[in-house]
Amino acid sequence: MARKKILLVDDSSTVLLLHRMMLAHCGYELLTARDGQEALDKASTERPDLIFLDVLMPRMDGFQTCRALRARPDTKNVPIILVTTRGEPHYVRQGFESGCTDYITKPFDGEELLAKVRSHLEEARSA
């Protein structure tokens, strides 16, 4: 069985490293992108099973990227978890309106991250 692919999208090298460290021991194939456009390109070529997407990024923010991913036939059903420091209700609403599957705020702990990964990969497999 092929390993599940997770695309981690953030303009911060530190955040990407932190996500990789939290998920490294779980056996997933981890891919990274530094902005929304790179995320769109990687999603098309790599076909991830789950996408973690930062909101505040250059070139194309997470909301724009999420809408673009939902508009594409090959990524419209991939679970997308928006990850951001912005927990205000209007940001959360905007995230779900852009098409995200889930929304978590930084900082978060590794157990929360792993629980969300497992939950959304299980849901995607049973759909």
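(A) Spatial organisation of the nonpolar core. Formed by 21 residues in total, the largest nonpolar core has its most connected members in L7, V9, I51, L53, L69, I80 and L82. The set of elements that each furnish at least two residues to this core consists of β1 (5-9), β2 (29-33), α2 (36-46), β3 (50-54), α3 (62-71) and β4 (80-84). Setting aside chain neighbours within four positions, we find I51 in contact with L7, V9, L69, V78, P79, I80 and I81. Listed in part, the 17 residues of the second largest apolar core include L16, F52, I81 and L114.

(B) Just the environment of S44, in detail. Along the chain, the position of S44 falls in helix α2. Since its relative accessible area comes to 30%, S44 is described here as partly exposed. Along the sequence, S44 and L69 sit 25 residues apart, while their C-alpha atoms lie 9.3 Å from each other. The residues contacting S44, other than those within four sequence positions of it, are R72 and D74. Within polar-contact distance, the side chain of S44 engages the side chain of R72 at 2.7 Å.

(C) How the structure looks around the packing of α2 against α3. The interhelical angle for the contact between α2 and α3, taken along N-to-C directions, is 25°, at an axis separation of 9 Å. Our classification of the angle between α2 and α3 gives roughly parallel. At the point where α2 passes α3, the crossing takes the right-handed sense. Only T65, A68 and L69 of α3 make contact with α2, whose side of the interface consists of G36, A39, L40 and A43. Broken down by class, the residue content of the contact of α2 with α3 amounts to five nonpolar, two polar and no charged.

(D) Representation of the pairing of strand β5 (residues 102-105) within the structure. Taken together, the four bridges between β4 and β5 define a ladder with parallel strand orientation. Along β5, the bridge assignment pairs V83 with I104.

(E) Structural context of the side chain of S98. The topology assignment puts S98 in the loop between α4 (89-97) and β5. Of the polar contacts made by the side chain of S98, one reaches the backbone oxygen of G95; its length is 2.6 Å. Not counting residues within four places of it along the chain, the set of residues in contact with S98 comprises F63, C66, R67, R70 and L82.

(F) Geometry of the confidence of the model for the protein chain. When pLDDT is averaged across the protein chain, the result is 92; 96% of the residues are at 70 or more. Mean pLDDT across the secondary structure elements of the protein chain bottoms out at helix α5 (residues 110-126), with 83, and peaks at α3, with 98.

(G) Up close: the side chain of D54. Checked against the element boundaries, D54 lands in strand β3. Excluding its chain neighbours within four sequence positions, the residues that come into contact with D54 are V9, D10, D11, G62, V83, T84 and K106.

(H) Expanded view of the pattern of salt bridges. This model, assessed by the stated rule, comprises eight salt bridges. Here D35 and R59 are joined by a salt bridge, their closest N and O atoms 3.0 Å apart. Residue D35 is located in the loop between β2 and α2, and its partner R59 is located in the loop between β3 and α3; the two are separated by 24 residues in the primary sequence. The class of R59 is exposed, set by a relative accessible area of 66%. As a salt-bridge pair, D54 and K106 come within 3.4 Å of each other at their nearest N and O atoms. Of this pair, D54 sits in strand β3 while K106 is found in the loop between β5 and α5, placing the two residues 52 residues apart along the sequence. Accessibility expressed as a relative area gives 5% for D54, which makes it buried.

Cut-offs applied
- Residues numbered from 1 in each chain as written.
- Predicted model: local features only at pLDDT ≥ 70, side-chain atom pairs only at ≥ 80, totals over all residues.
- Heavy atoms only, no water.
- Core = buried A, V, L, I, M, F, W, Y, C linked by side-chain atoms within 4.5 Å.
- Buried < 20%, exposed > 50% of the residue type's maximum accessible area, 1.4 Å probe, protein only.
- Helix = DSSP H or I, 4+ residues; strand = E, 2+ residues; numbered from the N terminus.
- Contact = heavy atoms within 4.5 Å.
- Polar contact = N/O pair within 3.5 Å; in protein donor to acceptor, adjacent residues only side chain to side chain.
- Axes fitted to C-alpha atoms, helices over the stretch in contact; angles between N-to-C directions.
- Parallel < 35°, antiparallel > 145°, perpendicular 65-115°, else oblique.
- Left-handed = near helix turned anticlockwise from the far one by under 90°.
- Nonpolar A, V, L, I, M, F, W, Y, C, P; charged D, E, K, R; others polar.
- Pairing = 2+ DSSP bridges.
- pLDDT = per-residue confidence, 0-100.
- Salt bridge = Lys/Arg side-chain N within 4 Å of Asp/Glu carboxyl O.

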